[in-house]
Amino acid sequence: DCARRSGYTRIEASACAGLGDIFVDLNMMQAAHEIYSQAYRIAQRIDERFLQLYLEIVRAELAWTSGHWDIAYSCLDAAGRMVLDHNSTYEWGLYRLAMGRFYLAREEPRSALEPLEDASTCFLSGGLFPDAAKADLFRAVALLQLGQQDEAEESLDSALQAIGDVELQLPIVVAASKLVDS
């Protein structure tokens, strides 16, 4: 509200998106949907393209978590068109990561492999090692679902190598165990 009164619309849009992320963390999906929609309207009005891309992806995630596959795919399609309009390896990586996660959510691990590998490659080429590790973790999950244990271990090793810093590897191992358990 303070950002709106001060005329800092970009800050308001970012704050709404951040609040949506918090609602997701708290499993308050309806509240997340509402605040993300508000952020999206603001981002469209001020033509904040990266935030629009991010919001399309999180709106897709919200849709697929509640089984609304058509809505999720529509959001991802819109995100894909945004990415193709600009030449950003990072944005392509975000989009491909989201597509891989979409296929995993649909229980189509074979379809998830290519976009997840593509996302990891994009992130590594930009030196974005934590993002590459995230893609590799999801790829490990897809490989496990396909019964490819050795390849899954290689993907997990890639995630750990991408992080490099030993202190950051523990959260990766914890996250991997949660992904495998889900």
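The rules we used
- Residues numbered from 1 in each chain as written.
- Predicted model: local features only at pLDDT ≥ 70, side-chain atom pairs only at ≥ 80, totals over all residues.
- Heavy atoms only, no water.
- Phe/Tyr/Trp six-rings, centres within 6.5 Å; stacked < 30°, edge-to-face > 60°.
- Lys NZ or Arg CZ within 6 Å of the ring centre and 35° of its normal.
- Patch = residues over 30% accessible without salt bridge, like charges linked within 9 Å, V, L, I, M, F, W, Y side chains within 5 Å.
- Areas by Shrake-Rupley, 256 points an atom, 1.4 Å probe, with all protein chains shown as cover.
- Salt bridge = Lys/Arg side-chain N within 4 Å of Asp/Glu carboxyl O.
- Lys, Arg positive; Asp, Glu negative; His and termini not counted.
- Charge placed at Lys NZ, Arg CZ, Asp CG, Glu CD.
- Helix = DSSP H or I, 4+ residues; strand = E, 2+ residues; numbered from the N terminus.
- Buried < 20%, exposed > 50% of the residue type's maximum accessible area, 1.4 Å probe, protein only.
- Expected span 1.5 Å × (residues − 1).
- 1 Å grid on protein atoms, 1.4 Å probe; cavity = no way out; pocket = protein on both sides within 12 Å on 5 of 7 lines; lining within 4 Å.
- Points joined across faces, edges and corners; volume = space filled by probe spheres on them.

Asker: Got a sec to walk through the packing of aromatic side chains? Specific residues and values, please.
Answerer: The description of two aromatic rings rests on the distance between their centres and on the angle between their planes. Tallied over the entire structure, the rule returns seven aromatic pairs. One aromatic cluster in this structure is built from Trp64, Trp69, Tyr73, Phe102 and Tyr103. The ring of Tyr40 is capped by Arg59, whose NZ or CZ atom sits 4.3 Å from the centre of that ring. Taking NZ or CZ as reference, Arg106 lies 5.2 Å from the ring centre of Trp69, over its face.

Asker: Kindly report on a negative patch on the surface, identifying the contributing residues and their values.
Answerer: A cluster of acidic residues, Asp150, Glu151, Glu153, Glu154 and Asp157, forms a negative patch on the protein surface. Relative to the assigned elements, Asp157 resides in helix H9 (residues 149-163). For Asp157, a relative accessible area of 42% translates into the label partly exposed.

Asker: Lay out helix H4 (residues 49-65) with the relevant residues and their values.
Answerer: The end-to-end C-alpha distance of H4 is 24 Å, a good match for the 24 Å that 17 residues give at a rise of 1.5 Å each. Of the positions making up H4, those classed as buried are Leu51, Gln52, Leu53, Leu55, Glu56, Ile57, Val58, Ala60, Leu62, Ala63 and Trp64. Where H4 terminates, the next one or two residues include Gly67, which has phi positive at roughly 80 degrees.

Asker: Can you explain the layout of surface pockets? Please cite residues and give values.
Answerer: What the largest pocket holds in volume is close to 530 Å³. Taken together, 18 residues line the largest pocket, and the ones lying closest to its centre are Tyr54, Val58, Glu61, Arg101 and Lys134. Mapped onto the lining of the largest pocket, the elements with two or more residues apiece are helix H2 (9-25), helix H3 (29-45), H4, helix H6 (89-105) and helix H8 (129-145). Among the elements that take part in the lining of the largest pocket, H4 stands out by supplying six residues, more than any other.

Asker: Give a description of the side chain of Asp136 that names residues and reports values.
Answerer: Counting through the fold element by element, Asp136 comes out in helix H8. Although Asp136 is buried, it makes no salt bridge; Arg139 carries the closest opposite charge, 5.9 Å away.

Asker: Lay out the pattern of salt bridges in plain terms, naming residues and giving numbers.
Answerer: One pass over the full model with this rule turns up eight salt bridges. Across the pair Glu48 and Arg10 runs a salt bridge whose closest N-O atoms are separated by 2.3 Å. Of this pair, Glu48 sits in the loop between H3 and H4 while Arg10 sits in helix H2, and the two are 38 residues apart along the sequence. With its nearest N and O atoms 3.0 Å apart, the salt bridge here joins Asp118 to Arg96. With Asp118 in helix H7 (residues 109-125) and Arg96 in helix H6, this residue pair connects regions lying 22 residues apart in the sequence. Judged by its relative accessible area of 24%, Asp118 falls in the partly exposed class. Members of the salt-bridge network, linked through shared partners, are Arg96, Glu114 and Asp118.

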